[in-house]
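# Observations on the three-dimensional arrangement
Residue-level listing of the chains:
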Amino acid sequence: MLNIRFFSEAKKPRILCLGAHADDIEIGCGGTILRLIREVPEAKFYWVVLSGAEERAKEARQSAQVFLRDAGSKVINVQNSKESYFPFFGAEIKDFFEKLGKELSPDLVFTHYRNDAHQDHRLLSALTWNTFRDHFILEYEIPKYDGDIGNPNMYVYLDETDVQRKIKFICDVFQSQNEKQWFTEDTFRSILRIRGVESNSPSRYAEAFYCRKMVF
Ligand SMILES: [Zn+2]
């Protein structure tokens, strides 16, 4: 397997993290972000959450601060699009992306998987590709009731410390989600373990992504 380094040329890589809902970025790529902060301390993070009303918005901001605590540079932006209704407000969200695309030229973009079963996630993924089509995009996965887990093609090893930190941060901050049957430590650890098996991770854990296009 090829073991590559992110950002071989970028001096201060700009990393854009996009999430439809308050906890998506953390669940999808929180461990990779923790690893990147440690290994690429000069990176600048742009953390954008498209929806969040009151408590969810507060949790989203708090969580971004926790995950990006050691990042050298960060911008956190929480919008208030109505959760579960994204396709019906597509023009507004598209306008937001148009603006974002003019302001930013990221070296790496994290977004939702294009075949995610949640309509908000799919729209965000499509708009990410509309706006940042010639950028390096990695699509992350979110376990859910609908059962849309697929076959990713890129893996990031996570050590046990980052696994523990990721899970603890998510469960500590997103108290509003604790009643949901799937929002548990074992869900978050299980998916990392399965991806660790698939990638033969020395630590046993990995986050997995879909990479449509990569240029060397
Ligand atoms: Zn979501």
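Treat the numbers as computed from the prediction; the structure is a model and nothing was measured. (Residues numbered from 1 in each chain as written. Predicted model: local features only at pLDDT ≥ 70, side-chain atom pairs only at ≥ 80, totals over all residues. Heavy atoms only, no water.)

### Here we look at the sheet that holds strand β3 (residues 73–81)
For clarity, the threshold we go by: Whether two strands pair depends on DSSP finding at least two bridges between them. Secondary structure elements are taken from DSSP: a helix is a run of H or I of four residues or more, a strand is a run of E of two residues or more, and numbering for both begins at the N terminus. Under this scheme, a helix contributes an axis fitted over its contacting stretch, all axes are lines through C-alpha atoms, and angles between N-to-C directions fall in the 0 to 180 degree range.
As summarised here, the arrangement of the seven strands in space is β3-β2-β1-β4-β5-β7-β6, forming an open sheet in which the pairing is mixed. Lying at the two open borders of the sheet, with one neighbouring strand each, are β3 and β6 (154–158). Averaged over all neighbouring strand pairs, the angle between strand axes comes to 25°, with direction disregarded. The pairing of strand β4 (residues 108–112) with strand β5 (residues 137–140) spans four bridges and is classified as parallel.

### Considering the pattern of salt bridges
The condition is simple: Any carboxyl oxygen of Asp or Glu within 4 Å of a side-chain nitrogen of Lys or Arg constitutes a salt bridge here. The cut-offs for exposure are 20% and 50% of the maximum accessible area for each residue type, with area from a 1.4 Å probe on protein chains only; residues under the lower value are buried, those over the upper are exposed, and the others partly exposed.
For the structure shown, the criterion picks out 19 salt bridges. For K99, the salt bridge goes to E103, with nearest N and O atoms at 3.4 Å. Taken as a pair, K99 and E103 lie in helix α3 (residues 90–103) at a separation of four residues, close to a single helical turn. E103 matches K99 in its accessibility class, with the two residues each being exposed. For K166, the salt bridge goes to E207, with nearest N and O atoms at 2.6 Å. Of this pair, K166 sits in helix α5 (residues 160–173) while E207 is found in strand β7 (residues 205–210), placing the two residues 41 residues apart along the sequence. Exposure class is identical for K166 and E207. Each is buried. Connected via shared salt-bridge partners are R38, R69, D70, D159, D162 and R165.

### Topic: the nonpolar core
For clarity, the cut-off: The set of buried Ala, Val, Leu, Ile, Met, Phe, Trp, Tyr and Cys residues whose side-chain atoms join them within 4.5 Å is what this entry labels a nonpolar core. Whether two residues are in contact is decided by their heavy atoms: any pair within 4.5 Å suffices.
By size, the foremost hydrophobic cluster in this structure holds 46 residues, and its most contacted members are F45 and F110. With seven residues, the top contributor of residues to this core is helix α1 (residues 24–39). Excluding residues within four positions of it along the chain, F45 makes contact with I15, C17, I33, L36, I37, L68, A71, S73, K74 and V75. Counting 18 residues, the second largest nonpolar core, distinct from the first, contains L16, F86, V109 and L124.

### Considering unusual backbone geometry
At E54, a position not held by glycine, the phi torsion is positive, near 45°. Along the chain, E54 turns up in the loop between β2 (44–51) and α2 (55–67). The phi dihedral of N200 falls on the positive side, at around 55°, and the residue is not glycine. Along the chain, the position of N200 falls in the loop between α6 (185–199) and β7. Classification of N200 by relative accessible area gives exposed; the value is 64%.

### Thoughts on the state of the cysteines
Selection rule: Pairs of cysteine sulfur atoms within 2.5 Å are identified as disulfides in what follows.
One pass over the full model with this rule turns up zero disulfides. As a non-bridged cysteine, C17 has C29 as the owner of its nearest cysteine sulfur, 5.4 Å distant. Free of any disulfide, C171 has its nearest cysteine sulfur in C29, 16 Å distant.

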